[in-house]
Amino acid sequence: MNLLFYNIILCFCLTTISSTISPCAKWNTTGITVAGTGEPGNSSYEINSAKGLFIHKRSNSLYVADFYNNRVQKYSLNDPSHMGTTVAFDIENPMKVFVDDDSTNGPTVYVTLRFLNRTEKWITGSMHGIQISNDCRLCSGVAVDKDKNVYMSESDRHRVVRWSSRTNTTTVVAGQTNTSGSTSTLLDHPQGIYVNQNGTIVYVADMWNSRIQKFLQGSSEATTVAGSSQGTAGHDPQTLNYPNDVFIDEETNVVYVIDTSNNRVQRWKSFASEGETLVGDMGVGNATNQLNKPSDLSFDLQGNLFVMDMENNRVQKFELIDNRPCIIT
């Protein structure tokens, strides 16, 4: 037992470069604003109802899908000024963003444009985006696997598709086209998605069913990994309420959920029957410990939690304060 406990401690210790996040980690529940001012605006320091964020760990940068400003902003997390640089512009209502290192010139930005019904790819330094795949109806979530397949959630069609850059073909990987429902094969207005690096598992924030669904490659049936499998919304530890996005720790299989209408971030450990509140759930507001319709989340290399606090027009950073391993009983 002592050897096992020692190995677990080694597994979850912090390094100067990155950290493995313990399934029992704790974060400071008071947030620090790292993007936006708390008021809507279009300056380099402001955002307006931004929906999506992405942490590019290699450059320690934050990317923001700035919805009403029709742009994607990049913030260096090493810059205390919190000034954004526009990396995608003259786009319409960007929803979610994914940043991939598939170019020798720098990171490539993939952004979903909800009301233009498409996803665009922006190469570093380009003056315009390139549409990928065919129409993506009410396009929301986006992810890219190691083979450069692009995954997109089509909220209006209740499905998630995979587009192959090699064959220029699109395949349905979750849900059924134009059919909504709460059975294990169906989705209802899916939003954010998370795809593992190998592209063998797709996690879906099944928003109108208030649950997170896990689809294995080749299977049309999903397993509910957070929320009610019946699609029942709620505010207790067993339920969610219109979750907008999901993040998976691929080392521990812990599920992190933006529980949007409950104004909180939830953690569901592997095979858990209920979630734990990490931050938020302190009533709707703009205090440093409150959220207002959060819509996305991610982590940096040090395990700090970043939350898109949508209606407060800010991105909040919650510092990792306790990364000790779970106690084995």
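Let me begin by describing the structure that accompanies this report. (Residues numbered from 1 in each chain as written. Predicted model: local features only at pLDDT ≥ 70, side-chain atom pairs only at ≥ 80, totals over all residues. Heavy atoms only, no water.)

Right, let's get into the overall build of the protein. Broken down by element type, the protein carries one helix and 26 strands. Taken over the C-alpha trace, the protein has a radius of gyration of 19 Å; the compact-globule value for 329 residues is 20 Å, and the two agree within 12%. Going through the 329 residues of the protein one by one, you find that 54% of them count as buried. Long-range pairs, those at least 24 residues apart, make up 45% of the contacts in the protein with a sequence separation of at least 6. Surface accessibility of the protein: about 14200 Å² in total, with carbon and sulfur atoms responsible for 49%. (Helix = DSSP H or I, 4+ residues; strand = E, 2+ residues; numbered from the N terminus. Rg over C-alpha atoms; globule rule 2.2 N^0.38 Å. Buried < 20%, exposed > 50% of the residue type's maximum accessible area, 1.4 Å probe, protein only. Contact = heavy atoms within 4.5 Å. Areas by Shrake-Rupley, 256 points an atom, 1.4 Å probe, with all protein chains shown as cover.)

Looking now at the side chain of Ser 228. Its place among the elements puts Ser 228 in the loop between β18 (222-227) and β19 (245-249). With near-sequence residues (within four places) excluded, Ser 228 lies in contact with Asn 209, Ser 210, Arg 211, Gln 238 and Thr 239.

If you trace the four strands from one edge of the open sheet to the other, you get β7-β8-β9-β10, paired in antiparallel fashion. Bordering the open sheet on either side are β7 (94-100) and β10 (130-132), each of which pairs with just one other strand. Sheet twist, expressed as the mean angle between neighbouring strand axes with direction ignored, is 30°. In the sheet, β7 pairs with strand β8 (residues 108-113) via five bridges, with the strands oriented antiparallel. Paired with Pro 94 across the bridge in β8 is Leu 113. (Pairing = 2+ DSSP bridges. Axes fitted to C-alpha atoms, helices over the stretch in contact; angles between N-to-C directions.)

The next subject is the nonpolar core. Formed by 35 residues in total, the largest nonpolar core has its most connected members in Val 72, Val 97, Val 150, Met 152, Val 160 and Val 204. Those residues in contact with Met 152 that sit more than four places away from it in its chain are Thr 119, Ser 133, Cys 136, Cys 139, Gly 141, Val 142, Arg 159, Val 160, Val 161, Trp 163 and Ile 193. Membership of the second largest hydrophobic core comes to 30 residues, among which are Leu 240, Leu 278, Val 279 and Leu 320. (Core = buried A, V, L, I, M, F, W, Y, C linked by side-chain atoms within 4.5 Å.)

On to the pattern of salt bridges. Taken as a whole and assessed by the stated rule, the structure comprises 17 salt bridges. For the salt bridge of Arg 264 with Asp 281, the shortest nitrogen-to-oxygen distance reads 3.7 Å. Of this pair, Arg 264 sits in strand β21 (residues 264-268) while Asp 281 sits in the loop between β22 (276-280) and β23 (294-299), and the two are 17 residues apart along the sequence. Overall, Asp 281 belongs to the partly exposed group, its relative accessible area being 28%. In this structure, Arg 324 and Asp 322 form a salt bridge, with 2.7 Å as the shortest nitrogen-oxygen distance. Since its relative accessible area comes to 58%, Arg 324 is described here as exposed. Via salt bridges that share partners, Lys 96, Asp 245 and Asp 296 belong to a single interconnected network. (Salt bridge = Lys/Arg side-chain N within 4 Å of Asp/Glu carboxyl O.)

This next bit is on the pairing of β21. Among the five residues in β21, five count as buried, and that is most of the element. If you look at the hairpin formed by strand β20 (residues 254-259) and β21, you'll find four residues sitting between the two strands, and Asn 263 has a positive phi there, around 55°. In this sheet, β22 lies alongside β21 in antiparallel orientation, the contact comprising four bridges. The residue bridging Val 265 from the neighbouring strand is Val 279, located in β22.

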